[in-house]
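Breakdown of the fold
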Amino acid sequence: MLRDELIGFAKSKVMIVLWVVLPLIAMAGYLLLPKEITEARGLGGLSATAFVGFLMSSVAGTVAALMVAVDLVSERNRKVYELFVIRPMRREVIIWSKFLAVFACVTVACLVSLGLGIAVDAFRGNAPRGDEYYDIGKSLLSLIGVVALSCSVGVVFGVMSRTILVAVILILYVGQNLTIVPMLPVYLGWLPDHFWLVMLITATMTGLLVLAASVMFRRAEL
Amino acid sequence: MAALVQIENVRKKFYAQVVLDNLSLEIREGEVFGYIGPNGAGKTTTLKILAGLITKFEGTVRVAGNDVVKDRSKAHAVIGFMPQSCGFQSWRTVQSALDSLAELSGVPEALRKQRIPALLERFKLLDARFKKVKELSGGMTQKLGLIQALLHEPKLLVLDEPLEGLDPPSRNLLKEIIRERQHAGTTVLFSSHILSDVDDVADRIGILNRGTIATSGSIRELVTDFGLPLEVEVDFATTPADPGFLAELGTATERRPGEWRIRLADGTASDPVIHTAIERTLAGGGKIRKIGLVKPDLDDLFAQYIERGHVN
C-alpha cells in the first residue's frame, strides 16, 4: 500500500512541480536578487542555501498538508476507498500510507531544493563551511519536522472534511497555526530552549494526530 | 443447504430516518439471490453493511459464520463486492488498479498474472489494460468494477446494481458469469432494477420495502402465492372488424396496435377464452398471428406489489 502511494504521488504533476519546477524557480528568483543582498556574505548576505531554506520553510508544510488532505477528500468522494476497505486489510493502513507517502515526497522536494541551493553556492565559490553544514542540517531537520506535522494535520482534516474547500480552509486557517504548537512551551518558558526537545514534541504530536485520523477513518462510514 | 449469509434483526438509521427496520434474511450457500425493491428501500445499505462499509448498526450480520463487524477480516476474505459506482485511483492504469486490488485480496502474483488478462479479455477490455483508469468510459469502469470483485474468486459475490450502465452483450456476459460462478459453488447476492435480468438468473428473490423484507422466495413460488391474474395475449395479423368482443372475455387492453392482453377474472380457465377469441376473430374477418397464455414474470409480480400497496 505504501509503495503504491509513493508511486502515485511520485507520478503526480504536483510532485514534478515540487521536485523540479519549484527548485528551478527558487534558483531563478535567487539569481535575480540584487547583488547587495546576495554577495554581502558574512555580513548579512543571503546565500542560495539560506534563500531556498526560507522559501521551503514557508511553503513545504502548507503544500504537504494540502496535498494529503485534498487527496484524501477527493479519493473518498470518488469512492476509491470502498474498494480498499472491503478487502481483508486494516483501514488504518490507508491513512498511514498516505501520510508517509506525502511526507517522503515533500521531504525529497526539500532535500532537492536545499541540495540545489548548496550546489549554486558552491558554483559561485561560496560553498558552506563545516559549522555551516551543521546549521543547515538542523534547519533541514526542523523543516522535515514541520512537514511531518503539517502532513499529520492534513491527514486529520482530510479525514474530517467532506469537501475539498472545507479541508483547504481548515488547513489554511487552523493547520498553519497548529505547526507552531511544538514551539509554544519553549516560547512560554515552560520548557528549556532545546532543539531536540522541540523535535520530540513535533514527532509526538505528529504521531498522535495520525493516530487520531486513523481512528476516525476506522469508524467512518464510507 | 447451509446459510452463507445470515442477517438478523438489522436496524439502521441515518439521523432520524430508519433505513433498515429489523431486517432478517438468509442466503443459502450456492444460490443466486436477487434483491429488489423501490428506490430508497435500503438495498444499497444492506449490501454496504455486508461489505463492511457501514459498521454502525443494530443486529447481527454473519458471512460464512463470521460477524462482519467483529471478525471483519475473516468475513471479507470470502466476499467480492462491486459497489454501485466504482472509483479507482485516477493515476493508475487498468492493469495496475486490478493488480493492486487483487494483491490486497491476497491473490498470489502468479495467479494475478493469469486471471487479470483472462478477465479483461472476457470483458473486452484487454486492449485498454495500459490505459489510465480515468480515460475509461462509464460502462468500461463498470466492467472494471465487476472484474475487481471476481479477481479473488470469492465464495460470496455481492453486486450492487451490476447491470446498470452495461450494454446488452455485457449484461448477457455478466449473467453468464453469474451462472458459471454458481456452478463453481459461489453464492451471488445482487440488487437490480432490471427485473427481467433478475428473473433470468436469480434462484430466489427478496423484495425489500421500507427497510424490511416484504417477501422472499423463488419467483415461481411468489407468483403462485400472490395469485397473480392470468393473461391471454392476442396478436392480430388482421384485426377483426369489431374487436370489442375481447372485453367480454376479460379486462382487455390494447398494448400496441393489433396486440391485446386480456386479464382473466379469478377462476376463469384460459383454454375456453382462447377458443372463443379464435372463433370470434375468424368470424369477424380477422387473422391471428399469435395467441396464448402469458405466464406472469417478475415484472408482473413487482407491478402487482406496487398496485396492491405492498410496496411503495
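Please read all numbers here as calculations on a predicted model, not as lab measurements.

Helix and strand counts for chain A come out as 10 helices and 0 strands. When its helices and strands are written in sequence order, chain A yields α-α-α-α-α-α-α-α-α-α. Here the C-alpha atoms of chain A give a radius of gyration of 19 Å, agreeing with the 17 Å that 2.2 N^0.38 yields for 222 residues. The principal-axis extents of the C-alpha atoms in chain A amount to approximately 60 × 45 × 30 Å. In chain A, which comprises 222 residues, the proportion classed as buried is 45%. The contacts of chain A with a sequence gap of at least 6 include a subset with a gap of at least 24, amounting to 79%. Of the roughly 10700 Å² that chain A leaves accessible, carbon and sulfur atoms contribute 72%. Between the mean site of the 18 positive side-chain charges and the mean site of the 14 negative ones, chain A shows a separation of 10 Å.

Nonpolar side chains collect at one region of the surface, where A:Leu2, A:Leu6, A:Trp96, A:Leu100, A:Leu208 and A:Leu211 lie side by side and expose about 480 Å² of accessible area between them. By secondary structure assignment, the location of A:Leu6 is in helix H1 (residues 2-11).

Residues and elements named next belong to chain B. Spatially, 4 strands are ordered S2-S1-S4-S5 in an open sheet, and the strand pairing comes out antiparallel. The sheet terminates laterally at strand S2 (17-28) and strand S5 (66-67), the two strands that pair on one side only. Taken together, the 5 bridges between strand S1 (residues 3-14) and strand S4 (residues 58-63) define a ladder with antiparallel strand orientation. Residue pairing for S4: Ile 7 is matched across the bridge by Val 61. With respect to the sheet, helix H1 (residues 43-51) is in contact with S1, S2 and S4, its orientation differing from that of S1 by roughly 120°.

Pairing is possible between side chains of opposite charge, provided their charged atoms come close. Counted according to the given criterion, the structure contains 29 salt bridges over all chains. Between B:Arg92 and A:Asp4 there is a salt bridge, with the nearest N and O atoms lying 2.9 Å from each other. Highlighted residues: B:Arg92 in the loop between strand S6 (79-82) and helix H3 (94-104) and A:Asp4 in helix H1, drawn from two different chains. Each member of the pair, B:Arg92 as well as A:Asp4, is classed as buried. Linking B:Glu248 and B:Arg280 is a salt bridge whose minimum nitrogen-to-oxygen distance equals 3.3 Å. Placement of the pair is B:Glu248 in helix H9 (residues 246-249) and B:Arg280 in helix H10 (residues 270-283), with a sequence separation of 32 residues. On the accessibility criterion, B:Glu248 (59% relative accessible area) is exposed. The network of salt bridges with common partners includes A:Arg3, A:Asp4, B:Arg92 and B:Glu103.

The next subject is the nonpolar core. For soluble globular proteins, the rule of thumb is that nonpolar side chains tend to be buried together. Residue and element names in this part refer to chain B. Counting 135 residues, the largest nonpolar core has Tyr 35, Leu 144, Phe 190, Ile 205 and Leu 301 as the members making the most contacts within it. The residues touching Leu 144, leaving out its near neighbours within four places in the chain, are Phe 88, Val 94, Leu 98, Leu 120, Leu 125, Val 133 and Leu 136. If you look at the next biggest cluster of nonpolar residues, it comprises 12 residues, including Phe 245, Leu 264, Val 273 and Ala 277.

Another aspect to go through is the domain arrangement of chain B. Each assigned domain of chain B is listed here: domain 1 (3-225) and domain 2 (229-295). Using only C-alpha atoms to locate each centre, domain 1 of chain B and domain 2 of chain B end up separated by 42 Å.

Next up on the list: helix H4 (residues 109-122) of chain B. All names here are of chain B. For H4, built from 14 residues, the straight-helix expectation of 20 Å at 1.5 Å per residue is met to within 8% by its first-to-last C-alpha distance of 20 Å. Every buried residue of H4 is accounted for by Arg 112, Arg 115, Ile 116, Leu 119 and Leu 120. The buried side chains of H4 occupy one side of the element, clustering within an arc of 125° when seen end-on. When the buried face of H4 is taken as reference, the exposed residues oriented beyond 90 degrees from it are Ala 110, Lys 113 and Gln 114. Residues of H4 that are buried make contact with H3 and helix H5 (138-150). Just downstream of H4 lies Lys 124, where phi reads positive at about 55°.

Take the packing of aromatic side chains next. All names here are of chain A. Per the counting criterion, the structure on display carries 7 aromatic pairs over all chains. Plain terms: the ring middles of Tyr 81 and Phe 217 are 5.6 Å apart, the flat faces sit at 90° to each other, and that makes the pair edge-to-face. One end of the pair, Tyr 81, is in helix H5 (residues 80-85); the other, Phe 217, is in helix H10 (residues 195-219), and 136 residues separate them in sequence. Judged by its relative accessible area of 1%, Phe 217 is buried. For the ring pair Phe 99 and Phe 103, a centre distance of 6.0 Å and an interplane angle of 0° mean the geometry is stacked. With Phe 99 and Phe 103 both in helix H6 (residues 92-123), this residue pair falls 4 residues apart, about one helical turn. Connected via pairs of aromatic rings, a cluster forms that spans Tyr 81, Phe 84 and Phe 217.

Rules and cut-offs
Residues numbered from 1 in each chain as written. Chains lettered and ligands numbered in written order. Predicted model: local features only at pLDDT ≥ 70, side-chain atom pairs only at ≥ 80, totals over all residues. Heavy atoms only, no water. Helix = DSSP H or I, 4+ residues; strand = E, 2+ residues; numbered from the N terminus. Rg over C-alpha atoms; globule rule 2.2 N^0.38 Å. Buried < 20%, exposed > 50% of the residue type's maximum accessible area, 1.4 Å probe, protein only. Contact = heavy atoms within 4.5 Å. Areas by Shrake-Rupley, 256 points an atom, 1.4 Å probe, with all protein chains shown as cover. Lys, Arg positive; Asp, Glu negative; His and termini not counted. Charge placed at Lys NZ, Arg CZ, Asp CG, Glu CD. Patch = residues over 30% accessible without salt bridge, like charges linked within 9 Å, V, L, I, M, F, W, Y side chains within 5 Å. Salt bridge = Lys/Arg side-chain N within 4 Å of Asp/Glu carboxyl O. Pairing = 2+ DSSP bridges. Axes fitted to C-alpha atoms, helices over the stretch in contact; angles between N-to-C directions. Core = buried A, V, L, I, M, F, W, Y, C linked by side-chain atoms within 4.5 Å. Domains from an automatic or database assignment. Expected span 1.5 Å × (residues − 1). Arc of directions from axis to C-beta. Phe/Tyr/Trp six-rings, centres within 6.5 Å; stacked < 30°, edge-to-face > 60°.

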